[in-house]
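# Commentary on secondary and tertiary structure
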Amino acid sequence: MTEAILLVGGKGTRLRPLTVHTPKPMVRAAGVPFLTHQLARAKAAGVDHIVLATSYLAEVFEPHFGDGSSLGLHIEYVTEDEPLGTGGAIRNVASRLHSGPDDPVLVFNGDILTGLDIRRLVATHETTRADVSLHLTKVTDPRAYGLVPTDDTGKVLAFLEKPQTPEEIVTDQINAGAYVFRRSVIDTIPLGRPVSVERETFPDLLSAGAHLQGMVDSTYWLDLGTPAAFVRGSADLVLGRAPSPAVPGRCGDRLILPTAIVAADAKLTGGTVVGEGAFVAEGARVFGSTILPGAVIEPGAVITDSLIGTRARVGERSVLTGTVIGDGAIIGPDNELREGARIWCDAQIPAGAVRFSSDQ
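Just so you know, the residues in each chain are numbered from 1, in the order the chain's sequence is written. The predicted origin of the model limits local features to residues at a pLDDT of at least 70 and limits the giving and counting of side-chain atom pairs to 80 or more, whereas totals for whole chains, interfaces and linings rest on all residues. Calculated side-chain values reflect all of the structure's heavy atoms, with hydrogen atoms and water omitted.

Helix and strand counts for the protein come out as 7 helices and 28 strands. A compact globule built from 360 residues should have a C-alpha radius of gyration of about 21 Å, and the protein, at 22 Å, falls within 12% of that. Buried positions account for 55% of the 360 residues belonging to the protein. Within the protein, contacts between residues at least 6 apart in sequence are counted, and of these 52% link residues at least 24 apart. Roughly 15200 Å² of accessible area belongs to the protein as shown, and the carbon and sulfur atoms make up 50% of that amount. Charged residues are defined here as Lys and Arg on the positive side and Asp and Glu on the negative side; His and the ends of the chain fall outside this count. Throughout, a charge is located at the NZ atom of Lys, the CZ atom of Arg, the CG atom of Asp or the CD atom of Glu. Side-chain charges in the protein split into 32 positive and 42 negative, and the spacing between the mean points of these groups amounts to 3 Å. The helix count covers DSSP runs of H or I at least four residues long, the strand count covers runs of E at least two residues long, and both are numbered beginning at the N terminus. Our radius of gyration looks at C-alpha atoms and nothing else; its globule reference is 2.2 Å times the residue count to the power 0.38. Partly exposed residues are those whose accessible area sits between 20% and 50% of the maximum for their type, while under 20% is buried and over 50% is exposed, using a 1.4 Å probe and protein chains only. By the convention used here, residues are in contact when the closest approach between their heavy atoms is within 4.5 Å. Surface exposure here means Shrake-Rupley accessible area, sampled with a 1.4 Å probe, where a residue is shielded only by the protein chains that are shown.

And the structure:
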């Protein structure tokens, strides 16, 4: 098994303003673009040829990764002129694959952080002689996901849309966003139009009698689609809870990248990352957060479970919890921002302008 397709064309609208200037797979998690972690794990599983299916801000991928040789990979890039969905994107890059008709081709969604045993998924695909094999994971509350019930042997029985009532929750197994396709199956996907593998390709294959195999792997799994999830995923990579050979340093309570400056009495914990050229001043406390390159955290600021964008500034004594600060934004001193707040790129909040407590 040598080939994989990575679907990295999405606009990342749920992650805005992080994705205003940067495509979702290139937003930094644990000090490097998130895509780096996926590429490194694919390489570790024996993949050597990867095709990136790009669309939104497609021009930023190749200058960063080049031909992939620095990662021990051969990377090619295919850009969609119009968004084609998951299935359409897979079909659109098929001409770049080298595999024979019965060979396995890995496909990954570009926003999933997982400890999946990739080799085991491929082995399951081959031993069961499946047409498509899917990584399934179990979740406590499956209402936000499509359900994938299987029989005792792991054969997929159905693809069920997000359940609306308790009676519709027939399984806790969901599609986890990693697949192995028999190469010839990819060629059956319609070319040149939007196609969803979840809503069209997989149900149609099942109806036609194809063998779709599910493999439950309940190791670490996280959909990085929201800012809160992305911040958590980065922290989990730093802490070693999520596996990746691409973390640029030893796992621990914090990760400080080269050229970052952190005051001696600043406290960084919970998997916090401080990017290149960033500055964390004296008395600042940062827990479980990502400080992107060039950002400035002023004295006495307290930041929890938040992401501070490139070249952004957080003023003295400001308190941020569960907040995303866009690139270049300036948060003046003595502000309080709580869960869910998103400050857009280059916005400026004056001193003490946002409070949840008295200014005394």
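To continue, consider the pairing of strand E6 (residues 104–109). With 6 of its 6 residues buried, E6 lies for the most part within the structure. Every second residue of E6 is oriented toward a common face, with Pro104, Leu106 and Phe108 on one face and Val105, Val107 and Asn109 on the other, all of them buried. Strands are labelled as partners when DSSP assigns at least two bridges between them. For E6 and strand E9 (residues 173–182), the ladder comprises 5 bridges, and the chain directions are antiparallel. Counterpart to Val107 in the pairing with E9 is Tyr179.

Attention now moves to the sheet that holds strand E20 (residues 302–304). Read across the open sheet, the 5 strands follow the order E14-E17-E20-E23-E26; overall the sheet is parallel. At either end of the open sheet lies a strand with only one pairing partner, and these are strand E14 (267–269) and strand E26 (336–337). The pairing of strand E23 (residues 319–321) with E26 spans 2 bridges and is parallel. When the bridges of E26 are listed, Val319 appears paired with Glu336.

Helix axes are fitted to C-alpha atoms over the stretch in contact, other axes to C-alpha atoms as well, and angles between N-to-C directions run from 0 to 180 degrees. Contact geometry of helix H3 (residues 85–92) with helix H6 (residues 197–207) gives a least axis separation of 7 Å together with a crossing angle of 70°. Taken together, the axis directions place H3 and H6 in an arrangement best described as roughly perpendicular. Residues Thr86, Gly87 and Ile90 of H3 lie in contact with H6, whose contacting residues are Val197, Glu198 and Thr201. Classes in brief: Ala, Val, Leu, Ile, Met, Phe, Trp, Tyr, Cys and Pro nonpolar; Asp, Glu, Lys and Arg charged; the others, Gly included, polar. Residues belonging to the contact of H3 with H6 are distributed by class as follows: 2 nonpolar, 3 polar and 1 charged. For this classification, under 35 degrees means roughly parallel, over 145 means roughly antiparallel, 65 to 115 means roughly perpendicular, and everything else is oblique.

With that out of the way, let us pick up the layout of surface pockets. As a volume, the largest pocket reaches approximately 1500 Å³. If you go around the largest pocket, you meet 48 residues; those closest to its centre are Arg14, Asn109, Asp111, Glu198 and Asp223. By residue class, the composition of the lining of the largest pocket is 22 nonpolar, 15 polar and 11 charged. Only protein atoms enter the 1 Å grid used here. Points where a 1.4 Å probe fits but cannot escape make up a cavity, open sets with protein on both sides within 12 Å along at least five of seven lines make up a pocket, and a residue lines them when an atom lies within 4 Å of a point. Grid points are joined across faces, edges and corners, and a volume is the space filled by probe spheres set on the points.

So, on to empty space enclosed by the protein. What the rule picks out here adds up to 3 cavities of 30 Å³ or more. Empty space within the largest cavity amounts to approximately 110 Å³. The wall of the largest cavity is formed by Phe34, His37, Gln38, Arg41, Ala42, Phe108, Ile112, Leu113, Thr114, Leu116 and Ile118. Sorting the residues of the lining of the largest cavity by element identifies helix H1 (34–44) and strand E7 (112–114) as the ones contributing at least two each.

A few words now on the environment of Glu76. Its location among the elements puts Glu76 in strand E5 (residues 74–79). Sequence separation between Glu76 and Pro227 is 151 residues, and the spatial gap between their C-alpha atoms is 29 Å. A distance of 2.8 Å separates the side chain of Glu76 from the side chain of His49, its partner in a polar contact. Definition of a polar contact: a pair of N or O atoms within 3.5 Å, with one able to donate and the other able to accept a hydrogen when the atoms are protein atoms, and with sequence-neighbouring residues admitted only if both atoms are side-chain atoms.

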